[in-house]
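# Structural characterization, general
Take a look at the letters that make up each chain.
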Amino acid sequence: MKITYLGHAALAIEVAGKRLIVDPFISPNPLANDIDVDALEADYILITHAHQDHIVDVDSIAKRTGAKIVSNYEIVTHYGNLGFEGHPMNHGGSWEFDFGRVTYTNAIHTSSFPDGSYGGQPGGFLLETKEGNLYIAGDTALTFDMKLIPMQCQLDFAVLPIGDNFTMGYESAVIASDFIECNKIMGYHYDTFGYIEIDHEQAKEAFSKSGKDLILIPIGDSVQV
Ligand code: NI
Ligand code: MN
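The rules we used
All residue numbers refer to position in the chain's written sequence, counted from 1. Chain labels run from A onward and ligand labels from 1 onward, assigned in the order the entries are written. For a predicted model such as this one, the threshold for reporting local features is a pLDDT of at least 70, and the threshold for listing and counting side-chain atom pairs is 80 or more; totals across whole chains, interfaces and linings nevertheless cover every residue. The basis for every side-chain value is the complete set of heavy atoms in the structure, and neither hydrogens nor water enter the calculation. The donor set covers N, O and S atoms within 2.8 Å of the metal, switching to 3.2 Å for Na, K and Ca, and it leaves out water, so a site may look short of donors. Tetrahedral means four donors with every angle between 85 and 135 degrees, whereas square planar (four donors) and octahedral (six donors) require angles over 155 degrees between opposite donors and between 65 and 115 for all others; sites fitting neither are termed irregular. By definition, any uninterrupted DSSP run of H or I lasting at least four residues is a helix, any uninterrupted run of E lasting at least two residues is a strand, and each is numbered from the N terminus. When DSSP finds two or more bridges between two strands, those strands count as paired. Interaxial angles span 0 to 180 degrees and are taken between N-to-C directions of axes, which are lines fitted to C-alpha atoms, for helices over the stretch in contact. When checking whether two residues touch, look at their non-hydrogen atoms; a contact exists if any pair is within 4.5 Å. A side-chain nitrogen of Lys or Arg and a carboxyl oxygen of Asp or Glu constitute a salt bridge if their distance falls within 4 Å. For every residue, the accessible area obtained with a 1.4 Å probe (protein chains only) is divided by the maximum for its type, and the residue is called buried under 20%, exposed over 50%, and partly exposed between those limits. Stacked, edge-to-face and tilted labels apply to pairs of Phe, Tyr and Trp rings (six-membered ring for Trp) whose centres lie within 6.5 Å, assigned for plane angles under 30 degrees, over 60, and everything in between, in that order. Counting as a charge over the ring demands two things of the Lys NZ or Arg CZ atom: a distance within 6 Å of the ring centre and an angle within 35 degrees of the ring normal.

## Re the coordination of the manganese ion (ligand 2)
At 2.1 to 2.2 Å from the manganese ion (ligand 2) lie its protein donor atoms, namely D53 (OD), H54 (NE2), D139 (OD) and H189 (NE2). Between the donor residues of the manganese ion (ligand 2), the gaps in sequence give the motif D-H-x84-D-x49-H.

Next comes the structure, spelled out in structure tokens:
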């Protein structure tokens, strides 16, 4: 499994020969200037919640690639009304896709579309695949529900928000990594706006004090799980 950081909370994942894009917010992000949205390939677009900083490029990518949208019922219905194909889910539900099993997990956050319309309840994704198990937390506070994840599967890798203010910060993310019983954590949802700028060295130190590794990669770079 290959995970590429597209900036903010956007990821590209290659697994089982399929290409997944998560929460594309690329074209308005000056830090992601080097990413060409029009060149991204996608079989699926996974959306954690309806906030603008997670959906801005969904329409253009879905239109160009025909990618199937995977999210909560309300978000998939929203895109269905615009003519896009999707697969609706809700919290705690799992589905076997052709790349692996996806569970829509709990997140403590909000979820409205940019026009204020209801975007369902926010979530995250658990991906169980033959190439490894990955948890993408989405925008969330630290929550005890994270303890349920290692009861379902042993994680190989997790992506957690660390930017604070709108989500948990890196100190809470250290506790989250204990809850999910995972030592390989990639941080996301940081530095994009003034509210979420962080000191990278302090964030890494908070993890290393707990014997854990916080992976912060430049936008456009990839990690192999
Ligand atoms: Ni959000
Ligand atoms: Mn966000």
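## Let's talk about the coordination of the nickel ion (ligand 1)
In this structure, H49 (NE2), H51 (ND1), H109 (NE2) and D139 (OD) serve as the protein donors to the nickel ion (ligand 1), at separations of 2.1 to 2.4 Å. In this structure, the nickel ion (ligand 1) is coordinated by four donor atoms arranged in irregular fashion, with angles at the metal of 88 to 177°. Each donor residue of the nickel ion (ligand 1) belongs to the same chain, with the gaps between them written as H-x1-H-x57-H-x29-D. A separation of 3.1 Å is found between the nickel ion (ligand 1) and the manganese ion (ligand 2), which share D139 as a coordinating residue. Taken together, the residues span a long stretch of sequence, with H51 in the loop between β4 (44-46) and α1 (52-55) and D139 in the loop between β10 (132-136) and α4 (149-152) at a distance of 88 residues.

## Here's the deal with the sheet that holds strand β8 (residues 100-106)
With mixed pairing, the seven strands of this open sheet are ordered in space as β7-β8-β9-β10-β11-β12-β13. Each edge of the open sheet is held by one strand with a lone partner, namely β7 (94-97) and β13 (213-215). On average, each strand axis in the sheet is inclined to that of its neighbour by 20°, with strand direction left out of account.

## Concerning the sheet that holds strand β3 (residues 18-22)
Read from one edge to the other, the open sheet built from seven strands follows the order β6-β5-β4-β3-β2-β1-β14, with strand pairing classed as mixed. Each end of this open sheet is capped by a strand with a single partner; those strands are β6 (86-89) and β14 (222-224). Across this sheet, the average inter-strand angle for adjacent strands is 20°, counted without regard to direction. Relative to β4, helix α2 (residues 58-65) is tilted by about 165°, and along the sheet it contacts β3, β4 and β5 (68-72). Helix-sheet contacts for helix α3 (residues 73-81) involve β5 and β6, and the interaxial angle to β5 is about 145°.

## Overview of the pattern of salt bridges
Applying the stated rule across the entire model yields six salt bridges. The partner of E128 in a salt bridge is R101, and the shortest N-O contact between them spans 3.2 Å. With E128 in strand β9 (residues 123-129) and R101 in strand β8, this pair connects stretches of sequence that are 27 residues apart. With its nearest N and O atoms 3.0 Å apart, the salt bridge here joins K212 to D178. Of this pair, K212 sits in the loop between α6 (200-208) and β13 while D178 is found in helix α5 (residues 170-179), placing the two residues 34 residues apart along the sequence. The buried category is assigned to K212, whose relative accessible area is 10%. By relative accessible area, D178 is classed as partly exposed at 43%. When salt bridges with common partners are traced through the structure, they connect R19, E41 and D43 into a single cluster.

## Considering the packing of aromatic side chains
For the structure shown, the criterion picks out 10 aromatic pairs. Taken together, a centroid distance of 6.2 Å and an interplanar angle of 55° make the contact between Y79 and F84 tilted. Pair check on accessibility: Y79 and F84 agree, each one buried. Between F97 and F99 the ring centres are 5.5 Å apart and the planes differ by 15°, which places this aromatic pair in the stacked class. For F97, a relative accessible area of 10% translates into the label buried. Here F99 falls in the buried class, since its relative accessible area comes to 3%. Taken together, the aromatic side chains of Y44, F97 and F99 make up a single cluster linked through ring pairs. Over the aromatic face of F144 sits the side chain of K147, whose NZ or CZ is 4.7 Å from the ring centroid.

Keep in mind that these numbers describe shape and distance, not what the molecule does.
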